[in-house]
Amino acid sequence: MSVDPTTLAAIVAMAVVTYATRIAGFLLADRLVLRGRAKAAFDAIPPAVLVAVIAPTALATGWQETLAAAVTILAALRLPLLATVAVGVLAVVALRAAA
Amino acid sequence: MSRPMPDATIATAGEGVRDILPAMIACVPIAALFGALAVGKGLSIAEAGLMSILVFAGGAQFAALELWTYPVPVLALALSTLLINARHVLMGASLVPKVGGFSWLQRIAAAWCLTDEAWALAERRALGRQITPSYWFAVAGLLPLVWIAATFLGAWLGSFLGDPRRLGADFAFTALFIGLIAGLWRGRATGITIVASAAASALVYVVLGPPWHVAAGAAAGITAAACVAPSGRAAS
């Protein structure tokens, strides 16, 4: 169980940057009063960011992942979260096995 | 009501636990996968665990493993982490109007355990009511504990885990996010946001590679939503 000094420096740097991003929104938002387009842009933050994180896996990895993502979307429209995850994982396993 | 309401606080915390439970279960294989991959990259079990303790941001941690070489590129890792986690700024800002009852100390602590999953669940809850500290710390505070424990487990299991792709564990993250996005659906504007973000993110991922796709997709989705929105003060 060893910790290399440079590795520790990298982890601490990542941690500091990450906490800065986590607290910054709480500090800055108090000055914002949003309406119209700005409000619409703000409301779009949640889906825009989540989609951006997973789009490469869903669209630019392979047809199995893309098809599994489509199956997962159908599941998400009618099933609870954990069942959706289970359907998605089973779909990708089945499709990769079929390939 | 001026009197404290411990029963209501406990009930609210219970709702938070119930809401985060699927994400807690889903994050076990993902964190274990991170631990196993980290050890494969040359990190010790302690180092892999320490990263999950101090950073606990899945996307940034996986991206760090992609960039990880020896000597360790500290600045590149910090930059990649900043880009991927820049979304936290927007997430925290969007939570502020919904956490009016939080003290400053509670906000500092709330920010510390801000994750995609907790935030998405809190946003969904905020469609109907204010977010209380008991709800937030239940929905947000438990996930890092599972993430840390499963990281240590995965790092320890290491090569015994076998190929995680065979088990589909690598897709759990994607499936979880699809479920969270479905919970945020609010009509046509959401659809336009999703299409713009997905297209920009995938394109930038192919052309420039990670981590730029996150910022590009988020910017495209937000811009698209602003463009199709009715302008001015008439908007509700």
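Residues numbered from 1 in each chain as written. Chains lettered and ligands numbered in written order. Predicted model: local features only at pLDDT ≥ 70, side-chain atom pairs only at ≥ 80, totals over all residues. Heavy atoms only, no water.

Colleague: Please explain the overall build of chain B as it appears in this structure.
Modeller: Summing up its helical and strand segments, chain B has 11 helices and zero strands in all. Mapped in sequence order, the helices and strands of chain B form the string α-α-α-α-α-α-α-α-α-α-α. Expected size for 236 residues packed as a compact globule is a radius of gyration near 18 Å; at 19 Å, chain B falls within 12% of this value. Expressed along its principal axes, the backbone C-alpha trace of chain B runs to roughly 55 × 45 × 35 Å. Expressed as a percentage of its 236 residues, the buried residues of chain B come to 52%. The distance from the centre of the 14 positive side-chain charges to the centre of the 10 negative ones in chain B is 10 Å. (Helix = DSSP H or I, 4+ residues; strand = E, 2+ residues; numbered from the N terminus. Rg over C-alpha atoms; globule rule 2.2 N^0.38 Å. Buried < 20%, exposed > 50% of the residue type's maximum accessible area, 1.4 Å probe, protein only. Lys, Arg positive; Asp, Glu negative; His and termini not counted. Charge placed at Lys NZ, Arg CZ, Asp CG, Glu CD.)

Colleague: I keep staring at the nonpolar core and nothing clicks. Help me out?
Modeller: Ranked by internal contacts, the top residues of the largest apolar core, which has 70 residues, are F26(A), I131(B) and W136(B). Per-element tally for this core: the top contributor is helix α3 (residues 45–59) of chain A, with nine residues. In terms of nonpolar packing, the next biggest core, distinct from the first, is built from 20 residues, I11(A), L43(B), A57(B) and W68(B) among them. (Core = buried A, V, L, I, M, F, W, Y, C linked by side-chain atoms within 4.5 Å.)

Colleague: Would you take a moment to explain the environment of C113(B) for this structure?
Modeller: Residues and elements named next belong to chain B. Within the secondary structure, C113 is located in the loop between α6 (104–112) and α7 (116–126). By relative accessible area, which is 6% here, C113 ends up buried. On a C-alpha basis, the gap between C113 and V139 in space is 9.5 Å, while along the polypeptide they are 26 residues apart. Dropping the residues within four chain positions of it, C113 is found in contact with F56, W136, F137, A140, G141 and P144. (Contact = heavy atoms within 4.5 Å.)

Colleague: What should I look at first to understand the interface of chain A and chain B in this one?
Modeller: As a measure of interface size, the accessible area lost when the parts come together is often cited. Contact residues are listed per partner, giving 65 residues for chain A and 92 residues for chain B. Between chain A and chain B lies a buried interface of about 6,700 Å² when both sides are counted; carbon and sulfur atoms form 79% of it. Of all residues in chain A, M14(A), R22(A) and F26(A) bury the most surface against chain B, accounting for 13% of the area lost on that side. Our count for the contact surface shared by chain A and chain B stands at zero salt bridges. If you look at where chain A meets chain B, you find 16 residue pairs in polar contact (both at pLDDT 80 or more). (Buried area = accessible area lost by both parts, 1.4 Å probe. Salt bridge = Lys/Arg side-chain N within 4 Å of Asp/Glu carboxyl O. Polar contact = N/O pair within 3.5 Å; in protein donor to acceptor, adjacent residues only side chain to side chain.)

Colleague: Would you take a moment to explain the packing of aromatic side chains for this structure?
Modeller: The geometry of an aromatic ring pair comes down to the distance between the two centres and the angle between the two planes. All names here are of chain B. Applying the stated rule across the entire model yields five aromatic pairs over all chains. A ring pair is formed by F34 and W147, whose centres lie 6.3 Å apart and whose planes are at 25°; its orientation type is stacked. Here W147 lies in helix α8 (residues 133–157) and F34 lies in helix α1 (residues 6–40), a separation of 113 residues in the sequence. The exposure classification of F34 matches that of W147, with both residues buried. Consider the rings of F56 and W112, whose centres lie 5.0 Å apart with planes at 70°: the pair is edge-to-face. Remark: W112 occurs in helix α6 and F56 occurs in the loop between α2 (45–54) and α3 (58–67); sequence separation between them is 56 residues. Here a set of aromatic residues connected by ring pairs shows up, and it is made of F34, F62 and W147. The ring of W104 carries the charged tip of R107 above its face, separated from the ring centre by 5.3 Å. Sitting over the ring of Y135, R125 keeps its end group 4.1 Å from the ring centre. (Phe/Tyr/Trp six-rings, centres within 6.5 Å; stacked < 30°, edge-to-face > 60°. Lys NZ or Arg CZ within 6 Å of the ring centre and 35° of its normal.)

Colleague: Help me out: how do you make sense of the environment of T84(A) in this one?
Modeller: Secondary-structure assignment places T84(A) in helix α5 (residues 81–98). As a C-alpha pair, T84(A) and W63(A) span 21 residues in sequence and 19 Å in three-dimensional space.

Colleague: Whenever I open this one, the state of the cysteines confuses me. Can you help?
Modeller: Every disulfide links exactly two cysteines, by a covalent bond between their sulfur atoms. Tallied over the entire structure, the rule returns zero disulfides over all chains. Counting only cysteine sulfurs, C113(B) is the nearest neighbor of C27(B), a cysteine outside any disulfide, at a range of 14 Å. (Disulfide = S-S within 2.5 Å.)

Colleague: Whenever I open this one, unusual backbone geometry confuses me. Can you help?
Modeller: Residue Y70(B) is joined to P71(B) through a cis peptide bond whose omega torsion reads 0°. If you trace the backbone, P71(B) turns up in the loop between α3 and α4 (74–85).

Colleague: Looking at this structure, how should I read the domain arrangement of chain B?
Modeller: Residues and elements named next belong to chain B. Domain annotation for chain B reports domain 1 (6–184) and domain 2 (185–236). Its C-alpha centre places domain 1 at a distance of 23 Å from the equivalent point of domain 2. Between domain 1 and domain 2, the contact holds nine residues from the first and eight residues from the second. Between domain 1 and domain 2, a total of about 790 Å² is buried, with carbon and sulfur atoms accounting for 74% of that surface. Counting the contacts that link domain 1 with domain 2 gives zero salt bridges. Our count for the contact surface shared by domain 1 and domain 2 stands at three residue pairs in polar contact (both at pLDDT 80 or more). The residue inventory of the side of domain 1 that touches domain 2, partitioned by class, reads seven nonpolar, two polar and no charged. (Domains from an automatic or database assignment. Nonpolar A, V, L, I, M, F, W, Y, C, P; charged D, E, K, R; others polar.)

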